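Summary of structural features
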Amino acid sequence: MAQHNLLAEIQNGDITGVAYKNLSLKKEILSHFTNEGNATITDLGKILNASTPKITLLITELIETGLVKDYGKTESASIGRRPNIYGLASDCGFFVGVEVKNNHVNIGLLDFRKNLIRFKDNIPYALENTQASLDELCKIIKAFITAQKMKPGKILGVGINLTGRINCKTGQSHSYFNFSREPLSKIMEKRIGIPTFLENDTRAMAYGEFTSGAVQGEENALFVNIDYGIAVGIMINGELYYGKSGYAGEFGHIPFFQNEIICRCGKKGCLETETSGRALADLFIKRLKSGATSSVTAKVKKMEDITMEDIIDAAINDDTLSMELIEEIGEKLGKAIAVLINVFNPELIILGGCMAATGDNLYLPVKSAIKKFSLSLVNSDTKLRLSQLGDKAGVIGACMLIRKRLFN
């Protein structure tokens, strides 16, 4: 049986009788390899409550399909014959992850053993709610896939991360490319020719960190995405939390400030009106107009062309104005995160997104504000870490979510 046919049968689950039972056990074996790692036949038998001959037969069939690989003898020091250990074959299937930013796209190829084997970042792109912008996005994705020169069926899915309200179950985007009644995931799947899944960018980035980055065994964690907007990805008991309608995590739109700044959501006083990348750029330009100086002006001649990325680069290179403003934002953001800590009592807070690249410039004021404004009995058990995956978080998260959908 060809591997892509077996994967399709596992997803559909439409076989009956003994064949269905065998297929179900195969799925459980693959799920164990996916989530827990390699194992011996004896271990699998105990975990799945199946006989050694049955597991041996199914492992043999999975090896024949190319999904499973024999990794040789275990390194056990026990006396006697060492058993063989089995696990997923890294090249049995691949996933494409696409992180769509305001002015660029990051895209990567992940194998079945979580190795990011291709990564291309900062592909120029303008995110706009137009047909032309959608066409360009599809063109970028198809060009990347074509360049991989994969056999048909090897790429099992494409995960696309977009900002805003995304219903990952229906494949609909309510913020971008929402000019058709047909789900966006289906529209793009027809264009790309591979099963396609949509996810909110922050949740995908969070899942990347949860599975492959900053999380080190914690079961309850919050990922704060500090970019042009502000949002939070929530992990409870080791699982992403979506909320009733799938839109949990709109942290940036809580009414946090008594100001008259109109947020992009149409309301006033939202958290991101003073703590986001947009707020940083607006405040930076305002300070320049008031007479402040910065190395950024030597690089960008027109004030209105200054971007969040320009300010972040300057802060990393010790530009005083950039560092001061990021510290101000960090203090305000830390106060808001203190509210999250008081509500969720998480084990871990991860600071991610573009602004996290400034390191201690953001981390230290956030940490100080958390200590000042959250309850000491609550925050004493909460760790604060910077993202480990950086701009790869969303790409890895998108791929890992597809892998999870296959075998969970």
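Here the structure is shown first, and the text comes after it.
Residues numbered from 1 in each chain as written. Predicted model: local features only at pLDDT ≥ 70, side-chain atom pairs only at ≥ 80, totals over all residues. Heavy atoms only, no water.

A look at the overall build of the chain
- A tally of regular secondary structure across the chain gives 15 helices and 15 strands.
- Taking 408 residues into account, the globule formula puts the C-alpha radius of gyration at 22 Å, and the chain, at 24 Å, falls close to it.
- Based on the C-alpha atoms only, the size of the chain along its principal axes is roughly 80 × 50 × 40 Å.
- When the 408 residues of the chain are sorted by exposure, 51% land in the buried category.
- Considering only contacts in the chain between residues 6 or more positions apart, those separated by 24 or more positions represent 62%.
- If you sum the accessible surface of the chain, you get close to 19,400 Å²; carbon and sulfur atoms cover 50% of it.
- Once the 48 positive and 45 negative side-chain charges of the chain are each reduced to a mean point, those two points are 5 Å apart. (Helix = DSSP H or I, 4+ residues; strand = E, 2+ residues; numbered from the N terminus. Rg over C-alpha atoms; globule rule 2.2 N^0.38 Å. Buried < 20%, exposed > 50% of the residue type's maximum accessible area, 1.4 Å probe, protein only. Contact = heavy atoms within 4.5 Å. Areas by Shrake-Rupley, 256 points an atom, 1.4 Å probe, with all protein chains shown as cover. Lys, Arg positive; Asp, Glu negative; His and termini not counted. Charge placed at Lys NZ, Arg CZ, Asp CG, Glu CD.)

Observations regarding the packing of helix H12 (residues 320-344) against helix H13 (residues 360-373)
- It is the contact of H12 with H13, at a shortest axis distance of 7 Å, that shows an interaxial angle of 40°. Classed by the angle they form, the pair H12 and H13 counts as oblique. Every pair of crossing elements has a handedness; the one defined by H12 and H13 is right-handed. Here H12 contributes Met323, Ile326, Glu327, Gly330, Glu331, Gly334, Lys335, Ile337, Ala338, Ile341 and Asn342 to the contact with H13, which in turn contributes Asn361, Leu362, Pro365, Val366, Ala369, Ile370 and Phe373. (Axes fitted to C-alpha atoms, helices over the stretch in contact; angles between N-to-C directions. Parallel < 35°, antiparallel > 145°, perpendicular 65-115°, else oblique. Left-handed = near helix turned anticlockwise from the far one by under 90°.)

Let's talk about the environment of Arg113
- The residue Arg113 is located in the loop between strand E5 (104-111) and strand E6 (116-124) in this model.
- Excluding residues within four positions of it along the chain, Arg113 makes contact with Asn38, Tyr71, Gly87, Leu88, Ala89, Ser90 and Arg403.
- In terms of polar contacts, Arg113 uses its side chain to reach the side chain of Asn38, at 3.2 Å. (Polar contact = N/O pair within 3.5 Å; in protein donor to acceptor, adjacent residues only side chain to side chain.)

Things to note about the sheet that holds strand E7 (residues 155-162)
- Ordered in space as E6-E5-E4-E7-E10, the 5 strands form an open sheet in which the pairing is mixed. On the outer flanks of this sheet lie E6 and strand E10 (196-200), each paired with one strand and no other. Direction aside, neighbouring strands of the sheet carry axes that sit 15° apart on average.
- One ladder, built from 7 bridges, connects strand E4 (residues 94-100) with E5; its direction is antiparallel. Note on E5: the bridge partner recorded for Val100 is Val105.
- Of the strands in this sheet, E4, E5, E6 and E7 are in contact with helix H5 (residues 131-148), which crosses E5 at around 35°.
- With respect to the sheet, helix H7 (residues 201-212) is in contact with E4, E7 and E10, its orientation differing from that of E10 by roughly 95°. (Pairing = 2+ DSSP bridges.)

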